[in-house]
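Spelled out from the first residue to the last, the chains are:
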Amino acid sequence: LSQDPMDFEWSYWIEWGRQRILWLLAGHLLVSQVSRLLVEEYKPWCLMVYGMAACWLLLGIKGFAVILLHATISFAVAQFQLSLLTWLCSLFLLSTLRIPAVEEAKRKWYDTENEYYLLLFSVSVRCLFCTSFSLEYCWHGPAQKSFHSFLWMLAYVFYYPTFHNGPLMNFDEFSKQMRRKETFSLKTNLSIFIVGIVRIFFWWCLAELMIHLMYIHALYSSALPLEAASHWALGGLALAQVLFFYVKYLVLYGVPALLLQMDGLKPPALPCCVSLMHSFTKMWRSFDVGLHRFLVRYIYVPMGGSQSSLLGTLFSTALTFAFVSYWHGGQSYLWYWGALNWLGVIVENGVKRILSLSLIQDLI
């Protein structure tokens, strides 16, 4: 059976996985287990060196230099310990990914578009990691500064399982867990690994079946079948689309999550099944848990969040969705998507507040 080629993300990561990334992840696993067994206290630095080598191998010296430059600039700006300045720096670094002249120069470094896109995706995700480190640096006092050194930043930014596509793990969680001393059991780790591999293989088979049998994305790319379909059929297609997106991310986040567990870290929870969700708020909280924690900790709460006035809550929520839209690429359709999500969350929370009023409760 021929497969539906229209889902770029799935085809892209599966191709890269088969070519090099899975082998590099296997190398990370080997380095991690050996360092945990023999030199536990040097584990962060062993993994940092391996991550830097893997980055150099995949992205070349110029791609490696770009990520190192981003980390260096972020760290230098963080020395001022001003959150606003750190955010301005992060937004500036993100904006450089969208300057046509810079894009064109980077494209010339590589033979194929796929290699350029790998750099683009990696740098986008690294920007979030640099932002997390820098803000934690701004917020912590002198007592914790030893755990916020440039070396720790490099260990965090070049941690390979989350390097290309996430999931996102905030620096405070990463550093606490990476420093934690615990007994190492090869037998326990082996059982975690076997169970994890079996689950990921099952999800991968399910995703491949959907790609080969359902042709959801091919149908979406053509106007004629959509115009001919009934409303029920369109609803079914929409459900099939989000279910495939869910299964896809079980694989794409499941592999790094398993490696995080093998390294003695607690990964963000994997996406919740979309069929079990009935609210916008729950969707944002439980689909990409790492991104949600990042947005809440670094944007929503500092801007006032739910503790501020109604206008303050509306503003902090709008700012959160604006950043998500901009980080994903900032195209016009993403701004519409962000605005509709913001509207969905606002309406939902508004209805919830109305229903919690004692008068309405009595009527119910």
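Because the structure is predicted, anything quoted here is derived from the model rather than measured. (Residues numbered from 1 in each chain as written. Predicted model: local features only at pLDDT ≥ 70, side-chain atom pairs only at ≥ 80, totals over all residues. Heavy atoms only, no water.)

Peer 1: Looking at this model, I keep getting lost on unusual backbone geometry. Mind explaining?
Peer 2: Among all residues except glycine, the phi angle is most often negative; among peptide bonds, the trans geometry is most common. Residue P167 is reached from G166 by a cis peptide bond, and omega for that bond is 5 degrees. Phi is positive for Q81, which is not a glycine, with a value near 55 degrees. Of note, the phi angle at Y215 is positive, near 55 degrees, even though the residue is not glycine. With respect to the helices, strands and loops of the structure, Y215 is situated in the loop between helix 8 (186–213) and helix 9 (216–220). For Y215, a relative accessible area of 28% gives the class partly exposed. (Helix = DSSP H or I, 4+ residues; strand = E, 2+ residues; numbered from the N terminus. Buried < 20%, exposed > 50% of the residue type's maximum accessible area, 1.4 Å probe, protein only.)

Peer 1: How do you make sense of the side chain of N170 when you look at a structure like this?
Peer 2: With respect to the helices and strands, the residue N170 is situated in the loop between helix 6 (150–157) and helix 7 (171–179). For N170, a relative accessible area of 2% translates into the label buried. Sequence-distant contacts of N170, defined by excluding residues within four places in its chain, comprise S132, Y156, R293, F294, R297 and Y298. (Contact = heavy atoms within 4.5 Å.)

Peer 1: Looking at this model, I keep getting lost on the UniProt feature "transmembrane region" (unreviewed entry) in the protein. Mind explaining?
Peer 2: UniProt's entry tags residues 20–39, 46–69, 75–95, 116–135, 147–169, 190–218, 238–260 and 310–328 with the feature "transmembrane region" (unreviewed entry), counted in the numbering of this structure. Between the C-alpha atoms that bound residues 147–169 there is a distance of 16 Å. The span itself is 35% helix and 0% strand. Taken as a whole, residues 190–218 contains 93% helix and 0% strand, while its terminal C-alpha atoms sit 40 Å from one another. (UniProt positions renumbered as here; feature names shortened; annotations may be inferred.)

Peer 1: Sorry if this is basic, but what is going on with helix 5 (residues 113–139) here?
Peer 2: The end-to-end C-alpha distance of helix 5 is 39 Å, a good match for the 39 Å that 27 residues give at a rise of 1.5 Å each. With 20 of its 27 residues buried, helix 5 lies for the most part within the structure. (Expected span 1.5 Å × (residues − 1).)

Peer 1: Just checking my understanding: could you explain the layout of surface pockets for this structure?
Peer 2: Rolled over the atoms, a probe as big as a water molecule pinpoints where empty space is left. Computed from the structure, the largest pocket encloses a volume of approximately 2,000 Å³. In terms of lining residues, the largest pocket is bounded by 47 residues, among which E9, F245, Y249, H328 and W337 are the most central. When residues of the lining of the largest pocket are traced back to their parent elements, those giving at least two are helix 1 (8–38), helix 4 (100–107), helix 5, helix 11 (231–262), helix 12 (280–286), helix 14 (310–327) and helix 15 (332–355). Tallied by class, residues from the lining of the largest pocket come to 28 nonpolar, 12 polar and 7 charged. Each of domain 1 (8–179) and domain 2 (269–363) accounts for three or more of the residues forming the lining of the largest pocket. Looking at the second largest pocket, its volume works out to about 760 Å³. For the second largest pocket, the lining is made up of 27 residues, of which G17, L22, L25, V251 and V255 are closest to its centre. Residue assignment for the lining of the second largest pocket shows that the elements contributing at least two residues are helix 1, helix 8 and helix 11. Looking at which element gives the most residues to the lining of the second largest pocket, the answer is helix 1, with 11 residues. (1 Å grid on protein atoms, 1.4 Å probe; cavity = no way out; pocket = protein on both sides within 12 Å on 5 of 7 lines; lining within 4 Å. Points joined across faces, edges and corners; volume = space filled by probe spheres on them. Nonpolar A, V, L, I, M, F, W, Y, C, P; charged D, E, K, R; others polar. Domains from an automatic or database assignment.)

Peer 1: Looking at this model, I keep getting lost on a nonpolar patch on the surface. Mind explaining?
Peer 2: A cluster of nonpolar side chains, namely L340, L343, V347, V351, L355 and I364, defines an oily patch on the protein surface of about 580 Å² accessible area. Relative to the helices and strands, L355 is located in helix 15. A residue is classified by how much of its surface remains accessible, and L355, at 39% relative accessible area, is partly exposed. (Patch = residues over 30% accessible without salt bridge, like charges linked within 9 Å, V, L, I, M, F, W, Y side chains within 5 Å. Areas by Shrake-Rupley, 256 points an atom, 1.4 Å probe, with all protein chains shown as cover. Salt bridge = Lys/Arg side-chain N within 4 Å of Asp/Glu carboxyl O.)

Peer 1: Sorry, what's going on with empty space enclosed by the protein here?
Peer 2: A complete count under the given rule lists 1 cavity of 30 Å³ or more for this structure. Its residues placed into classes, the lining of the largest cavity shows 8 nonpolar, 1 polar and 1 charged.

Peer 1: Please explain the packing of helix 1 against helix 8 as it appears in this structure.
Peer 2: Each pair of packed helices can be described by the angle between their axes along with the distance between the axes. Axis separation between helix 1 and helix 8 bottoms out at 15 Å; the angle between their running directions is 180 degrees. Classified by the interaxial angle, the pair formed by helix 1 and helix 8 is roughly antiparallel. On helix 8, the residues touching W10, I14, R18, L29, Q33 and R36 of helix 1 are N189, F193, W204, A207, E208 and I211. Residues of the contact of helix 1 with helix 8, tallied by class, amount to 7 nonpolar, 2 polar and 3 charged. (Axes fitted to C-alpha atoms, helices over the stretch in contact; angles between N-to-C directions. Parallel < 35°, antiparallel > 145°, perpendicular 65-115°, else oblique.)

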